[in-house]
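So you can see what is in the structure, the chains are spelled out below.
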Protein chains: 4
Amino acid sequence: MSVNSFGRIFTVTTWGESHGPALGATVDGCPPGVPLDEAAIQPFLDRRRPGQSKMTTQRQEPDSVRILSGVFEGRTTGTPVQLMIENTDQRSRDYGEIAQAFRPGHADITYHLKYGHRDYRGGGRSSARETAARVAAGGVARAALGELAPQVTITGYMVQMGELEIDRSRFDPEEITRNDFFLPDAAAVPAWTDYLSRIRKEQDSVGAVVEVLIRGCPPGLGAPVYGKLDTDLAAAMMSINAVKAVEIGEGMAAARLRGTENADEIRMGPNGPEFLSNHAGGILGGISTGQDIVLRFAVKPTSSILTPRRTINRAGEEIDLVTKGRHDPCVGIRAVPVAEAMAACVVLDHLLLDRAQTGGRRGEIG
Amino acid sequence: MSVNSFGRIFTVTTWGESHGPALGATVDGCPPGVPLDEAAIQPFLDRRRPGQSKMTTQRQEPDSVRILSGVFEGRTTGTPVQLMIENTDQRSRDYGEIAQAFRPGHADITYHLKYGHRDYRGGGRSSARETAARVAAGGVARAALGELAPQVTITGYMVQMGELEIDRSRFDPEEITRNDFFLPDAAAVPAWTDYLSRIRKEQDSVGAVVEVLIRGCPPGLGAPVYGKLDTDLAAAMMSINAVKAVEIGEGMAAARLRGTENADEIRMGPNGPEFLSNHAGGILGGISTGQDIVLRFAVKPTSSILTPRRTINRAGEEIDLVTKGRHDPCVGIRAVPVAEAMAACVVLDHLLLDRAQTGGRRGEIG
Amino acid sequence: MSVNSFGRIFTVTTWGESHGPALGATVDGCPPGVPLDEAAIQPFLDRRRPGQSKMTTQRQEPDSVRILSGVFEGRTTGTPVQLMIENTDQRSRDYGEIAQAFRPGHADITYHLKYGHRDYRGGGRSSARETAARVAAGGVARAALGELAPQVTITGYMVQMGELEIDRSRFDPEEITRNDFFLPDAAAVPAWTDYLSRIRKEQDSVGAVVEVLIRGCPPGLGAPVYGKLDTDLAAAMMSINAVKAVEIGEGMAAARLRGTENADEIRMGPNGPEFLSNHAGGILGGISTGQDIVLRFAVKPTSSILTPRRTINRAGEEIDLVTKGRHDPCVGIRAVPVAEAMAACVVLDHLLLDRAQTGGRRGEIG
Amino acid sequence: MSVNSFGRIFTVTTWGESHGPALGATVDGCPPGVPLDEAAIQPFLDRRRPGQSKMTTQRQEPDSVRILSGVFEGRTTGTPVQLMIENTDQRSRDYGEIAQAFRPGHADITYHLKYGHRDYRGGGRSSARETAARVAAGGVARAALGELAPQVTITGYMVQMGELEIDRSRFDPEEITRNDFFLPDAAAVPAWTDYLSRIRKEQDSVGAVVEVLIRGCPPGLGAPVYGKLDTDLAAAMMSINAVKAVEIGEGMAAARLRGTENADEIRMGPNGPEFLSNHAGGILGGISTGQDIVLRFAVKPTSSILTPRRTINRAGEEIDLVTKGRHDPCVGIRAVPVAEAMAACVVLDHLLLDRAQTGGRRGEIG
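On a predicted model such as this, the values are computed, not experimentally measured, just so you know.

Between two packed helices, both the angle of their axes relative to each other and the distance between the axes serve to describe the pair. All names here are of chain C. Put simply, helix α4 (residues 131-148) and helix α8 (residues 331-358) touch, their axes get as near as 8 Å, and they point 45 degrees apart. With respect to α8, the axis of α4 lies oblique. Read as a crossing pair, α4 and α8 show a hand that is left-handed. Only Pro337, Val338, Glu340, Ala341, Met342, Ala344, Cys345, Val347, Leu348, Leu351, Leu352 and Arg355 of α8 make contact with α4, whose side of the interface consists of Thr131, Arg134, Val135, Ala137, Gly138, Ala141, Arg142, Ala144, Leu145 and Leu148. Among the residues forming the contact of α4 with α8, the class breakdown is 16 nonpolar, two polar and four charged.

The next point concerns the relation of the copies chain B and chain A. Rotating chain B by 180 degrees and translating it 0.0 Å along the rotation axis places it on chain A, where the RMSD comes to 0.0 Å. Both copies of the chain, as the preceding transformation shows, are related through a two-fold rotation axis. Interface overlap between copies: 100% of the residues of chain B at the interface are likewise at the interface in chain A, consistent with a symmetric, same-surface contact.

So, on to the interface of chain B and chain A. With 118 residues of chain B at the contact, the number on the chain A side is 118 residues. Across the interface of chain B and chain A, roughly 9,500 Å² is buried in total on both sides, 57% from carbon and sulfur atoms. Counting the surface chain B buries against chain A, the share from its top three residues, Lys114, Tyr226 and Lys244 of chain B, is 9%. For the interface between chain B and chain A, the tally reads 16 salt bridges. We note a salt bridge from Glu202 of chain A to Arg258 of chain B, for which the minimum N-O separation is 2.8 Å. Linking chain B with chain A are 67 residue pairs in polar contact (both at pLDDT 80 or more), by the criterion used here. By residue number, the principal contributor to the side of chain B that touches chain A is helix α3 (residues 108-115) of chain B, which donates seven residues. Residues that form the side of chain B that touches chain A fall into these classes: 53 nonpolar, 36 polar and 29 charged.

Residues and elements named next belong to chain C. Sheet architecture is open: five strands sit in the order β1-β2-β3-β7-β4, paired in antiparallel fashion. Single-partner strands in this sheet number two, and they are β1 (5-6) and β4 (65-67). Where β1 lies against strand β2 (residues 11-16), two bridges are found, and the strand directions are antiparallel. The partner of Phe6 across the bridge, within β2, is Val12.

Right, let's get into the side chain of Asn4 of chain B. Residue position: Asn4 of chain B is located in the segment before β1 (5-6). The exposure class assigned to Asn4 of chain B is buried, which follows from its relative accessible area of 1%. Here Arg125 of chain B takes part through its side chain, which lies 2.9 Å from a polar atom of the side chain of Asn4 of chain B. For Asn4 of chain B, the contacting residues outside a window of four places in its chain are Pro224, Val225 and Tyr226 of chain A, Val12, Thr13, Thr14 and Arg125 of chain B together with Asp28 and Pro80 of chain C.

Conventions used here
Residues numbered from 1 in each chain as written. Chains lettered and ligands numbered in written order. Predicted model: local features only at pLDDT ≥ 70, side-chain atom pairs only at ≥ 80, totals over all residues. Heavy atoms only, no water. Axes fitted to C-alpha atoms, helices over the stretch in contact; angles between N-to-C directions. Helix = DSSP H or I, 4+ residues; strand = E, 2+ residues; numbered from the N terminus. Parallel < 35°, antiparallel > 145°, perpendicular 65-115°, else oblique. Left-handed = near helix turned anticlockwise from the far one by under 90°. Contact = heavy atoms within 4.5 Å. Nonpolar A, V, L, I, M, F, W, Y, C, P; charged D, E, K, R; others polar. Least-squares fit on C-alpha atoms with pLDDT ≥ 70 in both. Buried area = accessible area lost by both parts, 1.4 Å probe. Salt bridge = Lys/Arg side-chain N within 4 Å of Asp/Glu carboxyl O. Polar contact = N/O pair within 3.5 Å; in protein donor to acceptor, adjacent residues only side chain to side chain. Pairing = 2+ DSSP bridges. Buried < 20%, exposed > 50% of the residue type's maximum accessible area, 1.4 Å probe, protein only.

Shown next, in the form of structure tokens:
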């Protein structure tokens, strides 16, 4: 029961601190025979990597992943895959004030209260840098999905940043990888760029909503009543730094709907059952229907801002603190590849669990 | 790794179907020496019990809980507590059509696809009746919290039903138990009553938002980075039937905020650190701050309505289906005691886990 | 992480005390569609049941199992199977002395030290009566194996009782069910009967060695390096009351062997690889080879004897204690069906786990 | 549920293959504030390291451990401790025959059957080299025990090698670290040396029995009925390569005893209860009594010998195979520090678990 692990069959344990020598993920439960090498994982890390645009932190890390175990002659062996990313940009600096002060909105004070002793450098374990390990693990999950369920695609994108929301009528999945915002609408990029530049100049930050779309997920995944697919997806997203809410399908908006509006009616299509709508977001009773799985989550604005904030230090003194450093004005942007990685791990995990439970057999209709 | 279990130290495994002989919860990890008997649990079940007002289903079940193990001479022994609730209102009826049809918006079709063989009576395992077992387990958790952390209070209430939202300026916790809606505002009761009566007459149903307030939770609970307190609370709520979204603190609204608005500043109060606001909802970095923990979740409108809906049956025939029976027009109402129970289990679980991790010691300030 | 659970996919949580109202097992992870009813489980309980011969305790319990959930229309649904056995022979008696005294060789003192508060009636949770629940769960496992791997047979028998050992040259599996000792040698029964009668008359008890033979287990089950098949079997046996040692294959005798003697050489047979011997007991590197799996375990003599023993009570007073009641002179006898049940659960569990890990595919030879 | 993990609160996940770039252990659940650095762990690795005497393999590896996370300013932070040992002595060689052949008595064939694809270099994951990671993790456990229960000592030693057994009347714990056999009897060293040299010259190997003595373990550790202390110790030992049997206290010999002989009587001593004997090996009902915990396990003779053995290869051809390489004539010797490490992990784990369960409180006597 490691609290730094997630997954039931495909288990991922991340380790490492922001400014330690390295961080990584211990991945167990990957099926044997899956083609895998560093080159299959690196692109996902590159997508998440900071320092790539003015929109994200200027910390420069190559984030090169190394596979230390579990792969032989280019294929997984069924033994643990150890993924290591060395921290190379550990600037030597004076942590004097940060070492003793609790940055408001950060985990500094709760880590101190709980553990008594904490690695204060760059947030230590609570740093978003930990998510690099998740993204690497997600690369392994994607490789395994590529063998077991190649029709599955998992795509994350921004749908809101502060006051700006996407215009769904202009949704174009092709655009997502072409801009710095993972934005499915090319026309919106200039406005988003201006908005975030203004936030940054104001020494402030802003929140965001990310959506993840899972297509091609077979029906039957999910394990009621506490290992539901939506439960596990919600936990996976909520465990990402700065996430404050998770929605499946209609999400919070379901509260406003009537039963006559919300229940997705079913007809027979050429290949079997077809739902006439997807308010459920692809999951009923915790089990995938075979429809698109749609989830969203809200990311709070980072508290690492250059505007002075009131706080205290370990000595109990009241101080004003500016969080210097190289921070993202909108951490939601880099949460996109992280969320995709988490979703890939959860879907693979449930695919493997379902093999154990049912042998992958499906009930027949018609 | 039972998928019908939740909790790390205080583990709850629920079992049973809506129309089987009984259902219940196997509770392991309750500390020894906690005063416990049926009378300590029954009031929570009574709060959740259907048939108490026109606002909920007219199914009549006494929902009497029986403790079969783990308690001796009125106190827990540290061994598993088995809680059993017999199903007494299993009306003998013809399940002909339901046995073969998939009610839209229900888990009928996904259970069929996954398992091939399902108990179709009243939804079987996917029925909200399973939550009676959770409420019973929550009663054990409350009893243990009463010994270990008696200052903790956990209160759920409705904040939205369809188009109606509460007026927070009139929030009165005393009112919650005085009306059929768990509504913290006596003045709103007539309007809510009229609204729901109209929904019912229209043979429809409506969604809701429930809020849970946890007061007195000590700081330091929660286990980064995947056993975070908010992660576990989110999973617990998302596992409740019909829940489609979970928020902590600002929740989805955090996406619209600036860092300067969102980060809760800290000053020293007479008894230690004091936060000047609570946008975080009492949790930072996955660990409790000692502030109020505030979470909300959205419940979809039940799909069990008397209005005919299009669907299919096992033979693959397209049919129109009316879900007869005794259904709640707003299942969100009865989700209130269920959410409280889940929250109690999660808080106790983390209290026990923290004892293992840190011995309950807290870092010092000042 | 319930400490009253075992199994990874097929999980069994037992609950209940010797003299409480009932005990049972919550079984999760049983595949759907398995034919199951009480009649499929009862014979295993009947084999374990006390009061059947002079060789075991005279406590009379029908040990009727009831399935409360997870089975519908005679087949499992993939949801938790709740098995309940009511305690009917709870003689009303005065527990005065036992309530305060610690029987030597029993868990009385350790339960008291750990939990502070214990159910002293008949040993409470530490009673061998808990194994009835295991046997019931084993019945579910056997039913599932009957569907998934019908060629698997699991047979336990006595190979030693005190000074008596079986003559393996007269091993006859047909005899095992024909005598009160689960003895695979009809000719030895009179001598074993005389021996145990003498022990009983001397108000004493005696230890035993039980062997379990698993035939037909497919190769490839077991999960290195900590979920090895032998590791899980060893833990399963060691968890049975009074067991003090577990051996696989050559067991302790392997210490005396040379590498040239011990390694099982391999040749090709008509149906694939064939081992020329089975010193390994059917498991190499924690994974089944497809050969017979052979394990043994030692059961200590019960400490519940009529001979007075020196001990203390809660007040710290030194006393002499006679453990009255209806006790087995050789608890090893009734451990036979318990061990079979545990083995069945472990084999099924690994069969399901292997489906998750590899989809049940096997590497090819030739 | 990683099958490469053990422990409930203090969890250890080992990773890595014999001839990959590195191997190690991901250790989660270590309490915060424990003094720890590489120097605290290295001595345990040095004890296990091969190439130190003629009695063990001549493979030369420095086995230098590196801590990559979880430690800050010389003390643990409560976050995962990543331990890495680089493989430096990966001789470039031709694995041609071994790559295709299944060494008898090895896991080659079972890994092939299960996984289809295996790292055949040096046994890959099934190599005893994996135990280096366990020993490193054990170093962390010892450091934590040093803080939480400094009175606990854990000592392993050989009690049998092939036909040779120790003379317990000459038992001297001081001698254990002074010879190449972890032998508690200086006088026996020459005979053991001669014996093993002869085995080696005969191109053979031999089995062994190792005993582990845990002193100072507080009473109350162990979690009935499946997380018993003896169950977890048995599993831990059985998971070590080549182990075929585990005994607690009297072990297999208990089968021959009478109840009057076996039950450890209790009297009051100056500091509380005192047992007059220790047949139970320090554990009753799965819970520690406070007495010495004594366990033994048998290690089979390694199958890596220079004598040709009959086997097959992947093509299904019958071949004769000599396992070249640098092998230990008695792998039991190097199992000693491994067993100590596993025991340290289990004791710490139960100490932490007990804190969760009972807060560490003990029932009173007298």
